[in-house]
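Examining the three-dimensional arrangement
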Amino acid sequence: MKMKAKIALALMSGTLLLSQQAAADTKAVSLNEAELKEATQVYFDRCAGCHGMLRKGALGPELGEAKTKAMGTQVLETIIFNGTPGGMPGWGKSGELTKAETNLMARYIQTTPPPPPEKSMADMKKSWKVLIPVDKRPAKPEGGRNWKNYFGIILRDVGKIAIVDGDKKDIISVVDSGFATHILRTSKSGRYMYVIGRDGKASMIDLWMKKPENVAEIRTCNDARSIDTSKYNGPKGNYDDKLVVVGCYWPPSIVVLDGPTLEPKKIVSTASYTYDTGEYTREARVAAIVASHHDPEWVINIKETGQVWLYDYEDVANPKITMIDAERFLHDGGWDLSKRYFLVAANAKNKVVAVDTVEKKIAGIIETGANKPHPGRGVNVDSKKYGPIWGTGHIGANSIVFIGTDPEKHPDNAWKIVKTIKLPGKGGGNLFIKSHPGSKYIFADRPLNPDRKLQTQIYVIDKATLEVVKTLPMPDEFRGEFKTSDGSKVKLRGPVHFEFNADGSEVWTTVWGHKEIPTAILVYDSNTLKLKTTIKDKRLLTPTGKFNVANTMDDIY
Ligand code: DHE
């Protein structure tokens, strides 16, 4: 079979299945010690998130040796370099991997994966540091700023967080965090920002300090994506600002920490059995976590086993866990408008699962009709026509779907798709969608679309009509080619992720970019859609997620 045809077949199949003829072309591959070391690190940094540490697949397809060997180095190289229409990034095209690194990775994934390291409570304790003890921290907010309108902005590739004043639009401080920092969440009071790095390093920033700084840090595991805090205050006790939970990819586990100091309190392994076929799954990773407002519980989504765990943290040493069978492979999601139902994407199955956190059972499982729903936290709209609805976009398709979320007053719409709209142009690439009660619009990005024009636009959806009414192009100054230190030329990836200021009058997005090229925060009026300000600074390197204190405290989206 010709190489082009083999690549087309691999792309079309989505699961990278190959013909026997392709298998006949394979040759044994081997890596020397230095190559193995480098490739293991690159795989961990770039590939394990989607394909799994043990390469059994989740958001991305499984990469078992039999399959990858059958595909051969050249096919794999082409896919790694250019990406796929199903949403795999083109690592070479974006300038993140060189041709040599692409070749190395194509060979590496044809070898047996090395066993990943384990981690114990003793390891964790060794890394725990209280940098500023509780009694040495400010007794009240310092600096006279409106700290509840601060934004924490992830500077992904440099492992830092920029704290930006949402009123004054200046960067107050830039704080170190973990490797390839992923997300942050605030404590219930908003005072602390809790940050998680992909290396499992959790850190906490005190926003009451004149110049916010880290006050404690700990390495909870080797690979993590989620963090949240306890947010229940009611008849069962006041847990505001008391506890923190980290969701680990490897070792697959839940780690509970003390809120004010990050002292480790409890580790619970999530390795378990798939909900449907009952297969033992060592790599049962923790995806999204949210804190319930109805009970002292976290909603914890176990990706590979397809279960949602309601983790009751009242007795920290002896937690109670309600295991709810849902769907594989759970990824990201958010609350409905009432904050009773949690909607999470089982993105490899093109489904959204709605969990009722009061009745502690599945409320509905909805087929989205499109490839790989990826809501971030999703978007909530109180629609005149449909009642409360929640929406998500897709990585592998241009559909945005809206689901009815009110079984009491709008039972005919509950847990059904009430409306599907299409983003203009072909292909998906959407990662995040967001709104706020203070805005008439919903904003959607599309940084993974292969088409340069579609990739660099913001899509504006009218909440009243649920139609795309406008596209906002990335400003011209970020559109050209930029030179990196090794002389190569890169194009900056388009706007990614949105967050609103506290009253919802502004929507902020960022030019994702490249780790050597400073980019910017774009601040739009969320109702007139005018670009109000471009916040530029040489420290703004790869800004990705943005989290406003007031909106994160109260889960507004
Ligand atoms: Fe994320 C949320 C996992 C790639 C930016 N991402 C999440 C959540 C999970 C997840 C499980 C939900 C956390 C929660 O709510 O508790 N992300 C993963 C991956 O496994 C994946 C696909 C591949 C990887 O290797 O990490 C991945 N994520 C990315 C990116 O490439 C993004 C765009 C930039 C980056 O950090 O590398 C990215 N993810 C984000 C952001 C959120 C997020 C900004 C939070 C969205 C919000 O509005 O709350």
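Residues numbered from 1 in each chain as written. Predicted model: local features only at pLDDT ≥ 70, side-chain atom pairs only at ≥ 80, totals over all residues. Heavy atoms only, no water.

**Overview of the overall build of the protein**
Scanning the protein from terminus to terminus reveals 8 helices and 39 strands. With respect to the principal axes defined by its C-alpha atoms, the protein has extents near 65 × 55 × 55 Å. Within the protein, the proportion of its 557 residues that are buried is 60%. In the protein, the proportion of contacts linking residues at least 24 apart, taken out of those at least 6 apart, comes to 53%. In the structure as shown, the protein presents an accessible area of about 21,400 Å², 52% of it carried by carbon and sulfur atoms. Averaging the coordinates of the 79 positive side-chain charges in the protein and doing the same for the 65 negative ones gives two points 4 Å apart. (Helix = DSSP H or I, 4+ residues; strand = E, 2+ residues; numbered from the N terminus. Buried < 20%, exposed > 50% of the residue type's maximum accessible area, 1.4 Å probe, protein only. Contact = heavy atoms within 4.5 Å. Areas by Shrake-Rupley, 256 points an atom, 1.4 Å probe, with all protein chains shown as cover. Lys, Arg positive; Asp, Glu negative; His and termini not counted. Charge placed at Lys NZ, Arg CZ, Asp CG, Glu CD.)

**As for the side chain of His 331**
Following the sequence through the fold, His 331 ends up in strand E21 (residues 330–335). Among the polar contacts listed, one links the side chain of His 331 to the side chain of Lys 303, at a separation of 2.8 Å. Other than its neighbours up to four places away in sequence, His 331 contacts Leu 59, Tyr 249, Ala 287, Ala 288, Lys 303, Val 344, Ala 345, Asn 347 and His 374. (Polar contact = N/O pair within 3.5 Å; in protein donor to acceptor, adjacent residues only side chain to side chain.)

**Details of the site of the ligand**
Close to the ligand lie 26 residues, the nearest being Arg 156, His 182, Arg 225, Tyr 249 and His 497. Take Ile 289: an N or O atom from its main chain is 3.0 Å from an oxygen atom of the ligand. Between the ligand and the protein, one listed contact pairs an oxygen atom with a side-chain N or O atom of His 497 at 2.7 Å. Those elements that provide at least two residues to the shell around the ligand are helix H3 (33–51), strand E5 (183–186), strand E9 (223–229), strand E17 (286–291), E21 and strand E39 (543–548). Taken together, the residues that form the shell around the ligand break down as 11 nonpolar, 8 polar and 7 charged. Domain assignment of the residues forming the shell around the ligand places at least three in each of domain 1 (3–108) and domain 2 (118–325). (Near = heavy atom within 4 Å. Nonpolar A, V, L, I, M, F, W, Y, C, P; charged D, E, K, R; others polar. Domains from an automatic or database assignment.)

**Some points on the sheet that holds strand E29 (residues 433–434)**
A sheet is described by the order of its strands in space; here 4 strands give the open sequence E29-E30-E31-E32, paired in antiparallel fashion. Since the sheet does not close on itself, it has two edges, and those belong to E29 and strand E32 (468–473), each with one partner. With 5 bridges joining them, strand E31 (residues 457–462) and E32 adopt antiparallel strand pairing. The partner of Val 460 across the bridge, within E32, is Lys 470. (Pairing = 2+ DSSP bridges.)

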